Amino acid sequence: MAGASRRHGLRSGAWRRCRLRIRGFPPYRRGAVRTQILLLVIGVGVFSAACGFHAEGASITIPPAGDAALTQGTVVSAGSSPNLSAGGDSGGVTSRAVLWFDLASQIPTGSKIRSVALTLELTDAPVGGANSLFSLRRCLVGWNELSVTWTNLTTETVWSVPGGASATDFSATTSSSVFFSTAGSYTFPTSAEFVADAQAFLDAPAANFGWVLKCESEGTAGTLKQFASREALDLATQPMLTVTYDPPLPPEFTVSIPASADASLFEDTQRAHGTP
């Protein structure tokens, strides 16, 4: 049994050295065949590395490609503001925010998303304000960062109702949520719904409209919170989406070897193996 383990390269704590055994070729041709197959194996490895193929999961942190606050009663876009806001202020005015991340330009097509997390920096929480739960909902309609407002998606299109409607303009299902209180960094954790959103955005970039950020108690005065946007001067406070994914497998290669030949790889040993 021990001999079988060594033969299949199952020794631990040491590098495994392999040699190519060619059977069925005349001795004077075996060297050339070994060289050709070795070059093919090396070529496949180099090609896979160049194309970004990995055996294990990869992780990437992506900044927003667009974000903006939507404030009730405001007709001017806040897409270039260094701040995002969501919740209800002391006067009963409600705010929400939208964030969009370009996953397709950062993650290889065909990848499988494993986890997603969004980190936001809470920069201002009014003194005496109410702590509350904030959620991310998948946005179902397209918007433009420089023209989106409480009423408008773009200069030519509008939300179905001001601020957007659940199940029409954004998903009725929460993708992720986190409880906000005092200023600091908070992370919306991964979830099955969050992962499904990201996978859909990667597979169909044209339907990627990002997420809507809203306070679940936005009707309660004092729940308004202010966050750093992608335009924040302090880069460390800008929103960041962390995605872990499995890249696609490398393409399959077919190697044709004459029927008279039998090539096999086996672990290097102290003696040469004879030809049966």
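By convention here, each chain's residues receive numbers from 1 onward along its written sequence. Local features in this predicted model are restricted to residues whose pLDDT is 70 or higher, and side-chain atom pairs enter the listing and the counts only when it is 80 or higher, whereas totals over whole chains, interfaces and linings include all residues. With hydrogens and water set aside, each side-chain value is computed from the structure's full complement of heavy atoms.

### Observations concerning the overall build of the chain
Here's step 1: Strands are runs of DSSP state E lasting at least two residues, helices are runs of H or I lasting at least four, and both sets are numbered from the N terminus onward. A tally of helices and strands in the chain yields three helices and 13 strands.
Here's step 2: Accessibility here uses a 1.4 Å probe with only protein chains present; expressed as a share of the type maximum, an area under 20% marks a residue as buried, one over 50% as exposed, and anything in between as partly exposed. In the chain, buried positions account for 38% of the 276 residues.
Here's step 3: Contacts in the chain between residues far apart in sequence, at least 24 positions, make up 79% of those at least 6 positions apart.
Here's step 4: Where accessible areas are quoted, they stem from the Shrake-Rupley method and a 1.4 Å probe; at the residue level, only the protein chains shown are allowed to cover. Element-wise, carbon and sulfur atoms account for 57% of the exposed surface of the chain, whose accessible area totals about 14900 Å². Whether two residues touch is decided by their heavy atoms; if any such pair falls within 4.5 Å, the residues are in contact.

### Overview of the pairing of strand 7 (residues 132–139)
Here's step 1: Across the eight residues of strand 7, six count as buried, placing the element largely inside the fold.
Here's step 2: Pairing between two strands is assigned when DSSP locates at least 2 bridges connecting them. As paired elements, strand 7 and strand 8 (residues 170–180) share seven bridges and run antiparallel to each other. Note that in strand 8 the partner of serine 135 across the bridge is serine 177.
Here's step 3: Pairing analysis gives five bridges linking strand 7 to strand 10 (residues 211–215), with the strands arranged antiparallel. For leucine 136, the partnering residue across the bridge sits in strand 10 and is leucine 213.

### Notes on the environment of valine 76
Here's step 1: The topology assignment puts valine 76 in the loop between strand 3 (66–71) and strand 4 (83–88).
Here's step 2: Note: C-alpha distance between valine 76 and asparagine 152 (76 residues apart in sequence) is 9.7 Å.

### Side note on the nonpolar core
Nonpolar side chains in soluble globular proteins tend to end up buried together.
Here's step 1: In this text, buried Ala, Val, Leu, Ile, Met, Phe, Trp, Tyr and Cys residues form a nonpolar core when linked through side-chain atoms within 4.5 Å. Judged by nonpolar contacts, the single largest core of 33 residues is most densely connected at Ile107, Ile113, Phe188, Leu213, Phe227, Leu241 and Val243.
Here's step 2: Contact partners of valine 243, with chain neighbours within four places excluded, come to Ala58, Ser59, Ile60, Ile62, Ile107, Ile113, Ser115 and Val116.
Here's step 3: Leu70, Val98, Val141 and Trp150 belong to the second largest nonpolar core, which has twelve residues in total.

### Observations regarding helix 3 (residues 192–203)
Since the α-helix advances by 3.6 residues per turn, residues separated by three or four positions end up pointing in the same direction.
Here's step 1: One fewer than the residue count of a helix, multiplied by 1.5 Å, yields its expected span. Given a rise of 1.5 Å per residue, twelve residues ought to cover 16 Å, and the 16 Å separating the end C-alpha atoms of helix 3 matches this to within 8%.
Here's step 2: Turning to helix 3, its buried residues are Phe194, Val195, Asp197, Ala198, Gln199, Phe201 and Leu202.
Here's step 3: Buried positions along helix 3 lie against strand 6 (112–124), strand 7, strand 8, strand 9 (184–188), strand 10 and strand 12 (240–246).

### What about the side chain of threonine 237?
Here's step 1: Mapped onto the elements, threonine 237 comes out in the loop between strand 11 (225–228) and strand 12.
Here's step 2: The class of threonine 237 is buried, set by a relative accessible area of 16%.
Here's step 3: A polar atom in the side chain of threonine 237 sits 2.7 Å from the backbone oxygen of aspartate 234. Pairing of N or O atoms within 3.5 Å defines a polar contact, subject to two protein rules: one partner must be a possible hydrogen donor and the other a possible acceptor, and residues neighboring in sequence count only if both atoms are side-chain atoms.

### With respect to the packing of aromatic side chains
Here's step 1: Here is the rule: rings of Phe, Tyr and Trp (six-membered ring for Trp) pair when centre to centre is within 6.5 Å. Planes less than 30 degrees apart are stacked, more than 60 are edge-to-face, and the remainder are tilted. Scanning the model with the defined rule gives eight aromatic pairs in all.
Here's step 2: Ring centres 5.1 Å apart and planes at 75° place the aromatic pair phenylalanine 180 and phenylalanine 227 in the edge-to-face group. You can see phenylalanine 180 sitting in strand 8 and its partner phenylalanine 227 sitting in strand 11, a full 47 residues away along the chain.
Here's step 3: Aromatic pair phenylalanine 201 and tryptophan 211: ring centres 5.1 Å apart, planes at 65°, arrangement edge-to-face. Within this pair, whereas phenylalanine 201 is found in helix 3, its partner tryptophan 211 is found in strand 10, the two being separated by ten residues in sequence.
Here's step 4: Under the relative-accessibility criterion, tryptophan 211 is labelled buried at 1%.

### Considerations on the confidence of the model for the chain
The predicted coordinates should not be examined in detail at positions where pLDDT is low.
Here's step 1: Think of pLDDT as the predictor's per-residue confidence, scored from 0 to 100. Per-residue confidence for the chain averages 82 on the pLDDT scale, and 70% of its residues sit at or above 70.
Here's step 2: Low pLDDT, under 50, characterises residues 1–22; the predicted model gives this stretch 39 contacts beyond four residues in sequence or across chains.
Here's step 3: Low pLDDT, under 50, characterises residues 260–276; the stretch is placed with 40 contacts to residues that sit more than four places away or in other chains.

### Section: unusual backbone geometry
Among all residues except glycine, the phi angle is most often negative; among peptide bonds, the trans geometry is most common.
Here's step 1: Despite not being glycine, alanine 167 has its phi angle at roughly 75°, a positive value.
Here's step 2: By secondary structure assignment, the location of alanine 167 is in the loop between strand 7 and strand 8.
Here's step 3: Residue class for alanine 167 comes out exposed when judged on its relative accessible area of 54%.

### Things to note about the environment of alanine 65
Here's step 1: Take alanine 65: it is sitting in the loop between strand 2 (58–62) and strand 3.
Here's step 2: Once the C-alpha coordinates of alanine 65 and glutamate 145 are considered, the two residues, 80 residues apart in sequence, prove to be 9.1 Å apart.
Here's step 3: Other than its neighbours up to four places away in sequence, alanine 65 contacts Trp100, Phe101, Asp102, Glu145 and Arg230.

### Remarks on the environment of serine 59
Here's step 1: Tracing the backbone shows serine 59 in strand 2.
Here's step 2: Once the C-alpha coordinates of serine 59 and aspartate 246 are considered, the two residues, 187 residues apart in sequence, prove to be 8.8 Å apart.
Here's step 3: Residues contacting serine 59, with those up to four places away along its chain left out, are Thr242, Val243, Thr244 and Tyr245.

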